[in-house]
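# Observations on chain architecture
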Amino acid sequence: MQLIYERSVPGRKTSQVPACDVAEESLEKLSGGILRDKAAELPEVSELQAVRHFMELSGENLGVDCNFYPLGSCTMKYNPKVNEAVAALPGFAGVHPYVEIYRAQGTLRMLYNLEQYLCEITGMKAFTLAPMAGAHGEFVGMSMIRAYHDHRGEKNQRTTVLVPDSSHGTNPASAAIAGFDIKAVKSNERGEVDLDDLRAHCDEHTAGIMLTNPNTLGLFETKILEIQKIVHGVGGLLYYDGANLNAIMGKCRPGDMGFDVVHLNLHKTFSTPHGGGGPGSGPVGVSERLLPFLPTPRVVKAPVETPEIEFVWSRDFPLSIGRVATFYGNVGVCLKAYAYIRSLGAAGLKEASEDAVLAANYLRVKLREKFPTAYDRICMHEFVATPGQALDKGVHTLDIAKRLIDNGIHPPTIYFPLIVPEAIMIEPTETEPLAVLDHFADVMLKIADEAQSDPELLHHAPVTTSIGRLDETAAARKPKLAYGCQG
Ligand SMILES: Cc1ncc(COP(=O)(O)O)c(C=O)c1O
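Before going into details, it helps to say that this report is about the structure given with it.

Rules and cut-offs
- Residues numbered from 1 in each chain as written.
- Predicted model: local features only at pLDDT ≥ 70, side-chain atom pairs only at ≥ 80, totals over all residues.
- Heavy atoms only, no water.
- Helix = DSSP H or I, 4+ residues; strand = E, 2+ residues; numbered from the N terminus.
- Buried < 20%, exposed > 50% of the residue type's maximum accessible area, 1.4 Å probe, protein only.
- Contact = heavy atoms within 4.5 Å.
- 1 Å grid on protein atoms, 1.4 Å probe; cavity = no way out; pocket = protein on both sides within 12 Å on 5 of 7 lines; lining within 4 Å.
- Points joined across faces, edges and corners; volume = space filled by probe spheres on them.
- Nonpolar A, V, L, I, M, F, W, Y, C, P; charged D, E, K, R; others polar.
- Disulfide = S-S within 2.5 Å.
- Pairing = 2+ DSSP bridges.
- Axes fitted to C-alpha atoms, helices over the stretch in contact; angles between N-to-C directions.
- Salt bridge = Lys/Arg side-chain N within 4 Å of Asp/Glu carboxyl O.
- Parallel < 35°, antiparallel > 145°, perpendicular 65-115°, else oblique.
- Left-handed = near helix turned anticlockwise from the far one by under 90°.
- Polar contact = N/O pair within 3.5 Å; in protein donor to acceptor, adjacent residues only side chain to side chain.
- Phe/Tyr/Trp six-rings, centres within 6.5 Å; stacked < 30°, edge-to-face > 60°.
- Lys NZ or Arg CZ within 6 Å of the ring centre and 35° of its normal.

## Comments concerning the overall build of the protein chain
- Along its length, the protein chain carries 15 helices and 14 strands.
- Each principal axis of the C-alpha atoms in the protein chain carries an extent, and together these give about 70 × 65 × 45 Å.
- Within the protein chain, buried positions represent 48% of all 487 residues.
- For the protein chain, long-range pairs separated by at least 24 residues make up 69% of all intrachain contacts whose partners lie at least 6 apart in sequence.

## Focus on empty space enclosed by the protein
- Inspection of the entire model under this criterion finds two cavities of 30 Å³ or more.
- If you add up the space inside the largest cavity, you get close to 60 Å³.
- Residue lining of the largest cavity: L217, L219, R364, T373, A374, Y375, R377, C379, F383 and V384, and that is the complete set.
- Here the residues of the lining of the largest cavity are counted per class, giving seven nonpolar, one polar and two charged.
- The volume enclosed by the second largest cavity comes to roughly 30 Å³.

## Re the state of the cysteines
- Considering all chains together, one arrives at zero disulfides under this definition.
- Free cysteine: C119, not disulfide-bonded; nearest cysteine sulfur from C334 at 13 Å.

## Quick look at the sheet that holds strand β12 (residues 383-385)
- Strand order in this open sheet of three strands is β12-β14-β13, and the pairing throughout is antiparallel. The sheet terminates laterally at β12 and β13 (413-414), the two strands that pair on one side only.
- Each of β12 and β14 (424-426) is contacted by helix α11 (residues 331-367), which is oriented at about 20 degrees to β12, the strand it contacts most.

## A few points about the pattern of salt bridges
- Counted according to the given criterion, the structure contains 22 salt bridges.
- Its salt-bridge partner being K81, residue D65 comes within 3.3 Å of it at the nearest N-O pair. With D65 in the loop between α2 (47-59) and α3 (81-87) and K81 in helix α3, the pair connects residues that are 16 residues apart, well separated along the chain. For the residue pair D65 and K81, the accessibility class agrees, reading exposed in each case.
- A salt bridge links K336 to E84; the nearest nitrogen and oxygen atoms lie 3.1 Å apart. Of the two residues, K336 is situated in helix α11 and E84 in helix α3; the sequence distance between them amounts to 252 residues.

## Remarks on the packing of helix α5 (residues 105-122) against α11
- Contact pair α5 / α11: the axes reach a minimum separation of 10 Å and the direction vectors enclose 45 degrees. With respect to α11, the axis of α5 lies oblique. Along this stretch, α5 crosses α11, giving a crossing that reads as left-handed. On the side of α5, the interface is formed by T107, M110, L111, N113, L114, Y117, L118 and I121, while α11 contributes V331, C334, L335, Y338, I341, R342 and L349.
- Here the residues of the contact of α5 with α11 sort into twelve nonpolar, two polar and one charged.

## Points about the side chain of T216
- Summarising the element assignment, T216 is placed in the loop between β6 (206-212) and α9 (224-233).
- At 2.5 Å, the side chain of T216 and the backbone oxygen of S166 are in polar contact.
- Beyond its immediate stretch of four places on either side in the chain, T216 contacts S166, S167, H168, E382, V384, F416, P417 and M425.

## Comments concerning the packing of aromatic side chains
- Counted by the stated rule, this structure contains nine aromatic pairs.
- With a centroid separation of 5.2 Å and an interplanar angle of 80 degrees, the aromatic rings of Y98 and F327 are classed as edge-to-face. Of this pair, Y98 sits in the loop between α4 (90-93) and α5 while F327 sits in the loop between β11 (311-314) and α11, and the two are 229 residues apart along the sequence.
- Classification of Y98 by relative accessible area gives exposed; the value is 67%.
- We classify F327 as partly exposed; its relative accessible area is 33%.
- Each residue in the set Y78, F270 and Y340 is aromatic and connected to the rest through ring pairs, giving one cluster.
- Stacked on the ring of F180, the Lys or Arg R146 has its end atom at 5.6 Å from the ring centre.

## So, the environment of R199
- On the secondary structure map, R199 appears in helix α8 (residues 195-201).
- C-alpha separation for the pair R199 and V443, spaced 244 residues apart in sequence, amounts to 44 Å.
- Sequence-distant contacts of R199, that is, excluding residues within four places in its chain, are made with E226 and I230.

## Some words on the side chain of N83
- Within the secondary structure layout, N83 lies in helix α3.
- Here N83 falls in the buried class, since its relative accessible area comes to 0%.
- A polar contact of 3.4 Å, which involves the side chain of N83, links it to the backbone oxygen of K336.
- Filtering out sequence-adjacent residues up to four positions away, N83 remains in contact with S271, K336, A339 and Y340.

Pasting the structure below:
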């Protein structure tokens, strides 16, 4: 049977085109009901109309280039333009993954140096830059912990991973995908890991713990050294979710705290963009004991250096968990992080963390009367507020978040972490001027007043946007896509 599919050519009648063999084969594999039975009704517009349409849409978006963006967790809002310029340099952007090694020496040197910088910043022995997101890094880290126990003949014994209830949601998911059973550890009244509960869960089946620090409440685990002793004491390993490293750079290091594996989110701590879930980068660092299990290939110094070849790929690590990415991660993202580290230097990175923590605490204190935090103590780079007395008027976190849009501010992360009902997770970051922080605080306090005087207004927010309050789940799952440019 020869398949025919229809192709719509602008300005001409729909034509019938024979599919090539490959396409034919793929089409045959598609189950019924998926293929179009008639050509898509695409609008025929000029280039200018298309440009105007997308400009108009982008103008309706709240983005960091135009608006304050206090989105807690996950996203670093500062994306320096110089990073983009560096990543676009043809000598980097044009390198094909299969190019002869002597032609890619600059890229390999950059990757090698970035690994060294990350080792220095975190206190770990070595890094892999291959994982392409934080959660991917978590999976890689947990796979190494698995390989470690397997190698010691404890494959069937070390089956459980402990995950505090204040950890990032990806932690238990990654450990489960790596084949472990998950046990949740409770938080105490200070929002930290409850040591008694931790001890109660630790036994000879413990493969390790996955700890997010600072945790998702924006709080530093002050008993982290004790946690380390307890878990190592029963033969488990310690995984440090370092996505929140932007709170502690230059201050303390997971390696010095005795952790065995750490992942970083370059797209959070090191200023690389992370739009719509990617492209990201989640490098993983290890302590001495996990060194043999790092994924391959690894960038290493050439055993015999020549003027042309200083660095090579090596696969010569027999205990490695193997390849975890098609090539070696998102090199362009690594390059942006490299540019960020080089432009700030050690002192600048430390200052970035200090400013991030200062900005968060400034807002926390300014807002705490109307938006009390779940745990009233000094926070790190972010804090988790609640709607306070607004709840008495039936005004919830969602209403407050939507009202922020009316004021030209991107909503914070909401309803996360799960252990705080009505959570409003605010992360101002280190790059916002004082005037912007003050404006945000003023708007939040005004919203708190509106909640008392006119709660209905908040229930209907946003009221200034072209589309009002949506059923967000339905909008995501069943989008109604329409072409709307009339110009
Ligand atoms: C603390 C923490 N851990 C892990 C992740 C997962 O990172 P990613 O979204 O890149 O998978 C994030 C962000 O989402 C995070 O904030």
